[in-house]
Amino acid sequence: AADAIITIDGQGVVESFNAAAERIFGYTPEEVVGQNVNMLMPEPYHTGHDTYVNNYLHTGQAKIIGIGREVSARRKDGSIFPMELGISEFRVGAERAFAGIIRDITKRKEAEAALLSYTRALERSNKELDDFAYIASHDLKEPLRGIHNHSRFLLEDNADRLDSDSVGKLNRLVYLSQRMERLVNDLLYFSRLGRQEMAIRPT
C-alpha cells in the first residue's frame, strides 16, 4: 500500500505497522508494535487519545471513526507533519480493533501555502495597479491637458507671427499630448480589464 496502514486493539496498542508507515514515521515495526499508538501523536492528540478510545468503547459515539479528517502526526525525529487520517473499526473474534489509513499531505499543504502566498501577492499587485490607475487618471492627465491647451493657445494667438517651422513644432506638440492621453486612457482600460467579470453566454 502507498498509504500507511496501522492497526490497533481496543486499548490503543499497535498490532501492525506496514512498510509505508515505516517510511512516513521513521520507525521500524519492532519499535512501534506493542506500544500505545499515541507515541505517533503530538499534543493535544497524544494526551487525549486514550480518553477518546475509552469514551467510544463505552458510549459508541464516534468523532473520527468512519470519516476522514486532517490531523497532525509526529515522526521518530520529533518533527510534526500534517496527514489525512481515516479510521475504520473491525472485529477479531469478540475483540474490537481499529485500522487507520494515513496519508502524508506535507507537499499538498506546502502547495496550498505557496498558492495562498501567490494569491496575496497578486492582491497586493492589483491594489498597486489600482493606485497607479488613480494617479494616472488624475495626476498625469492634468499636465497633459495643460500642454495641449497652451500649445493650441499659442497657435491660435500667434500663428501669423510664427514661422512655419515653429507652427509645425507646436502642431506636433498638440498631437503628441493627445497621443499621450490616449495611451494613458488605454493603460487605465487595460488595468481594469483583468478585474471585470467575464460575460459568458451559450453559443
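See the structure shown above.
Source: prediction; values computed, not measured. (Residues numbered from 1 in each chain as written. Predicted model: local features only at pLDDT ≥ 70, side-chain atom pairs only at ≥ 80, totals over all residues. Heavy atoms only, no water.)

Quick look at a nonpolar patch on the surface
Defined as follows: Patches in this entry comprise residues that are over 30% relatively accessible and not in a salt bridge; like charges within 9 Å are linked, as are nonpolar side chains (Val, Leu, Ile, Met, Phe, Trp, Tyr) within 5 Å. Here, Shrake-Rupley sampling with a 1.4 Å probe gives the accessible areas, and only protein chains in the shown set may cover a residue. Just to be clear on terms, a salt bridge is a Lys or Arg side-chain nitrogen sitting within 4 Å of an Asp or Glu carboxyl oxygen. Strands are runs of DSSP state E lasting at least 2 residues, helices are runs of H or I lasting at least 4, and numbering of each runs from the N terminus. Think of it in three bands: with a 1.4 Å probe and only protein chains considered, a residue is buried below 20% of the maximum accessible area for its type, exposed above 50%, and partly exposed in between.
On the surface, Leu-129, Phe-132, Leu-140, Leu-187, Tyr-189, Phe-190 and Leu-193 cluster together into a nonpolar patch covering about 680 Å² of accessible area. Elements with a contribution of two residues or more to the nonpolar patch: helix H4 (106-158) and helix H5 (164-193). No other element matches the four residues that H5 contributes to the nonpolar patch. Here Leu-140 is to be found in helix H4. The exposure class assigned to Leu-140 is partly exposed, which follows from its relative accessible area of 37%.

Quick word on the pairing of strand E2 (residues 14-17)
Spelled out, the test is: Strand pairing is defined by DSSP finding a minimum of two bridges between the two strands.
Pairing of strand E1 (residues 4-9) with E2, which is carried by three bridges, proceeds in the antiparallel orientation. Bridge pairing in E2 links Thr-7 to Ser-16. Between E1 and E2, which pair antiparallel and follow one another directly, the connecting turn spans four residues, one of which, Gly-12, has a positive phi of 85°.

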